[in-house]
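# Observations on the model geometry
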Amino acid sequence: MTESLAQQMKAKRTKILFPIAGIGQSSTPVQLVLGAEIFFDLFKVSGRIELGESLPNLVNSVLVWVVSGKTTDTRSTNPVIANSHRSCEEHFRRTVSRTPEGRYAVSLPIKEDVHSNLGDNRRTAIRRFRLPRGQLAKNDELGNQYRAFVDEYFQLGYMEVVPDYQSQHPSYHLPHHAVIRADSTTTKMYRQILTDQRSNKLKHLVWSPSPESPLQTYELKTVTYGTTSAPFLATRVLQQLADDEQHDFPEAAGILKKDFYVDDSFSEADTVEEAITLRKQLESLLGREGLNCGNGFETKKPF
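The paragraphs below set out a description of the structure included in this document. (Residues numbered from 1 in each chain as written. Predicted model: local features only at pLDDT ≥ 70, side-chain atom pairs only at ≥ 80, totals over all residues. Heavy atoms only, no water.)

Okay, the sheet that holds strand β5 (residues 104-106) next. Pairing is mixed in the open sheet, where three strands are placed in the order β4-β5-β7. In the strand order of this sheet, the two ends are held by β4 (97-98) and β7 (194-195), each with one partner. For β4 and β5, the ladder comprises two bridges, and the chain directions are antiparallel. Paired with R98 across the strands is Y104, a residue of β5. In this fold helix α9 (residues 230-245) packs onto β4 and β5, with an angle of close to 135° to the strand it touches most, β5. (Pairing = 2+ DSSP bridges. Helix = DSSP H or I, 4+ residues; strand = E, 2+ residues; numbered from the N terminus. Contact = heavy atoms within 4.5 Å. Axes fitted to C-alpha atoms, helices over the stretch in contact; angles between N-to-C directions.)

Encoded structure:
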């Protein structure tokens, strides 16, 4: 254990000089070396999360979550995938903009051959809308939640009515799929990111709150949950926010760049006070894009 870590933990210690091979070559400072006789005592009986095939496991300990197990190289060697990622990145840099209020506006990365061949699928969308509306009519709770969600989406300005709708080319109507998750921060994050007019025409929606109400076409104005590009655009906007605001929030910008997975932050601090300071800075940084930090942080007691 290093002297600085011992002081932080207020631990009793006896100073010794004992060189350990390999530690000097580490890219980050090593503050604690554990002996094999206590290593496995640090792990809790419960608290193991399996991420899936060919992915590492997360194991809870009295100190931190430990990532261990099999993994694969995530860097693609497929030239088609590599070119696709490069094209999306170039498209984002070329089209991203920011409103005076600080919100980002992006353009959906669309293959031009697909875009030019899109037809107006409104009739198909109407037929598909009748099925979930029938299901919502049979389930009062789900129906009320779904109508409340769509109404909130409209009231907050995330979608708008397309008046006197006429067949447009190119345009596309999204199908309805009722998934209610009141605690989903991912959905809340997506709808803070605006999309441009060209993209909005590809996110039309047919909707009426009841069978007695006329069916109308709406246009979604933000990044939409369930679309293929949504995770990329949300993650890329966070990185852009970090780049644009790092002069005011250097520590929080580093967290956005290195410690975020979609809308979850996996960061750490040596003390509770430092963690609170980082959280406040992160709140201020995310607030410049209309986002919030969510559920707080977890502390680990020293052993």
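Picking up after the structure, the text goes on.
Tallied over the full model, the rule gives seven aromatic pairs. Both rings, one in F149 and one in Y153, keep their centres 5.6 Å apart while their planes meet at 40°; by these two values the pair is tilted. Of the two residues, F149 and Y153 both sit in helix α6 (residues 140-155), four residues apart, roughly one turn of that helix. Of the residues examined, F149 reaches a relative accessible area of 33% and is grouped as partly exposed. Taking the centre distance of 5.9 Å and the plane angle of 85° together, the rings of F154 and Y218 count as edge-to-face. Placement of F154 in helix α6 and of Y218 in strand β9 (residues 216-220) is noted, with a sequence separation of 64 residues between them. Members of the aromatic cluster, each reached through a chain of ring pairs, are F129, Y146 and W207. (Phe/Tyr/Trp six-rings, centres within 6.5 Å; stacked < 30°, edge-to-face > 60°. Buried < 20%, exposed > 50% of the residue type's maximum accessible area, 1.4 Å probe, protein only.)

It is worth spelling out the nonpolar core at this point. Side chains of a nonpolar character, in soluble globular proteins, are inclined to be buried together. In this structure, V106, V223, L256 and L286 are the most contacted members of the largest nonpolar core, which totals 25 residues. For this core, the secondary structure elements donating two or more residues are β5, α7 (185-190), α9, α10 (250-258) and α11 (272-287). Discounting chain neighbours no more than four positions away, the residues touching V106 are F92, V96, I193, L194, T195, D196, S199, V223, L233 and V237. Ranked by size, the runner-up nonpolar core spans 15 residues in total, among them A125, V150, Y158 and M159. (Core = buried A, V, L, I, M, F, W, Y, C linked by side-chain atoms within 4.5 Å.)

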